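Observations on chain architecture
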Amino acid sequence: MLCQPSICLRFIFGYNIESIREHKAKTEATMSLTIRLASTADAPQIYEIYSPIVRDTAISFEQAPPDVKEIAARITKTLQQYPWLVCEIERQIVGYAYASSFRSRFAYQWTAETTVYVHQDYQRRGIARALYTSLLAILRQ
C-alpha cells in the first residue's frame, strides 16, 4: 500500500521557536503519543518514513531519497526559522510535520507551506491530525 500524499496548506503564521513545549496528545485510537521538536538525531527514523514515499510514489517530487545526512541538514535549516515536529509512540518516530517558506517574495513573508508524513503502518490513526494541530498552533503564535 502506498503512503498517502502530504497535504500542503497556505496560512498566516507568526512563530517563536522558544515557545515550543513537548506535550502529550491522544489519537483517535487512544494511543499515547508524544509530539516534540525534531533534532538531527531523528534523521535516521525520518529517513525510514520518507524514503519509501520517494521511491514508491511521485508525491514528493524528488527522484531519489535523500540520505540521512541530507535529512539532518534539512532539519537544521528548517529549525532556523520554522518548526519541525516529530510524533513518537514508545520512542519510535511514526510521523513528522514541518513548515517552510512558501515563496521568497516580500508579500509572502507571513505565508508558510506545511507538510506531514506518517509511517505507512500508522496511517489512519489520527497522527497526521495531531501533528497538524500542534504545528498550526505553533505557527499561529
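Residues numbered from 1 in each chain as written. Predicted model: local features only at pLDDT ≥ 70, side-chain atom pairs only at ≥ 80, totals over all residues. Heavy atoms only, no water.

A word on the pattern of salt bridges. One pass over the full model with this rule turns up four salt bridges. Between Arg36 and Asp42 there is a salt bridge, with the nearest N and O atoms lying 2.7 Å from each other. Asp42 sits in the buried class, given a relative accessible area of 4%. For Glu62, the salt bridge identified is with Arg74, shortest N-O distance 2.9 Å. (Salt bridge = Lys/Arg side-chain N within 4 Å of Asp/Glu carboxyl O. Buried < 20%, exposed > 50% of the residue type's maximum accessible area, 1.4 Å probe, protein only.)

Their axes nearest at 9 Å, the elements helix H1 (residues 43-56) and helix H2 (residues 68-79) cross at an angle of 110°. When the interaxial angle is binned, H1 and H2 end up roughly perpendicular. In contact with Ala43, Pro44, Ile46, Tyr47 and Tyr50 of H1, H2 contributes Val68, Ile71, Ala72, Arg74 and Ile75. Looking at the contact of H1 with H2 residue by residue, the classes come out as nine nonpolar, no polar and one charged. (Axes fitted to C-alpha atoms, helices over the stretch in contact; angles between N-to-C directions. Helix = DSSP H or I, 4+ residues; strand = E, 2+ residues; numbered from the N terminus. Parallel < 35°, antiparallel > 145°, perpendicular 65-115°, else oblique. Contact = heavy atoms within 4.5 Å. Nonpolar A, V, L, I, M, F, W, Y, C, P; charged D, E, K, R; others polar.)

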